[in-house]
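Coordinates in review
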Amino acid sequence: AKLRDAMLAHHHRIDVILRKYRVDIDPEEYSKMCNIGLMGIAYRWASGEALAKIMPETWLQEGTIVRAIVRAEELLKKLGDVAKLLGNMRLREVFLEAALLIHR
């Protein structure tokens, strides 16, 4: 719950900044960018829980969950590459470790 609340707070702060500088972005589209609906599912998956055990507790389709987790893994790997380019090897390791946790 703490992580979810922190993410939503950051999302709101960015929204305030975008509005302050009159960045042309559709408010409805921006609100959809912070979809935390899969957060708990991805956490359980990364913790080693079987998808068969997760599925009965969600209304999402299996393909949607798998696709989201694969995309998250790809994003984490790219963020690791960016951290390396910035010279932050510790952050790179964190991103790559997270990518390994969700890869199966």
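The rules behind these values
Residues numbered from 1 in each chain as written. Predicted model: local features only at pLDDT ≥ 70, side-chain atom pairs only at ≥ 80, totals over all residues. Heavy atoms only, no water. pLDDT = per-residue confidence, 0-100. Helix = DSSP H or I, 4+ residues; strand = E, 2+ residues; numbered from the N terminus. Phe/Tyr/Trp six-rings, centres within 6.5 Å; stacked < 30°, edge-to-face > 60°. Lys NZ or Arg CZ within 6 Å of the ring centre and 35° of its normal. Salt bridge = Lys/Arg side-chain N within 4 Å of Asp/Glu carboxyl O. Buried < 20%, exposed > 50% of the residue type's maximum accessible area, 1.4 Å probe, protein only. Axes fitted to C-alpha atoms, helices over the stretch in contact; angles between N-to-C directions. Parallel < 35°, antiparallel > 145°, perpendicular 65-115°, else oblique. Left-handed = near helix turned anticlockwise from the far one by under 90°. Contact = heavy atoms within 4.5 Å. Nonpolar A, V, L, I, M, F, W, Y, C, P; charged D, E, K, R; others polar.

1. Section: the confidence of the model for the protein chain
In this model, the protein chain carries a mean pLDDT of 92, and residues with pLDDT of at least 70 account for 100%. The lowest-confidence element of the protein chain is helix 2 (residues 27–33), averaging 83 in pLDDT; the highest-confidence one is helix 6 (residues 89–102), averaging 96.

2. Things to note about the packing of aromatic side chains
The full count for this structure, using the stated rule, is 0 aromatic pairs. Between Arg-104 and the ring centre of Trp-45, over which it is positioned, the NZ or CZ distance is 3.6 Å.

3. Side note on the pattern of salt bridges
Enumeration over the complete set of coordinates arrives at 7 salt bridges. A salt bridge links Asp-5 to Arg-4, with the nearest nitrogen and oxygen atoms 3.3 Å apart. According to the relative accessible area criterion, Asp-5 is partly exposed, its value standing at 42%. Among the salt bridges present, the one from Arg-19 reaches Asp-15, with a minimum N-O distance of 3.1 Å. Highlighted residues: Arg-19 and Asp-15, both in helix 1 (residues 2–20), separated by 4 residues, approximately one helical turn. Judged by its relative accessible area of 16%, Asp-15 falls in the buried class. Residues participating in the shared-partner salt-bridge network are Arg-44, Glu-49 and Glu-57.

4. Things to note about the packing of helix 5 (residues 62–85) against helix 6
Running from N to C, helix 5 and helix 6 cross one another at 165°; their axes reach a closest spacing of 8 Å. Comparing their axes, helix 6 and helix 5 come out roughly antiparallel. Helix 6 is crossed by helix 5, and the crossing has left-handed handedness. Across the interface between the two elements, Ile-69, Ala-72, Glu-73, Leu-76, Lys-77, Leu-79, Gly-80, Ala-83 and Lys-84 of helix 5 pack against Met-89, Leu-91, Arg-92, Phe-95, Leu-96, Ala-98, Ala-99 and Ile-102 of helix 6. Among the residues forming the contact of helix 5 with helix 6, the class breakdown is 12 nonpolar, 1 polar and 4 charged.

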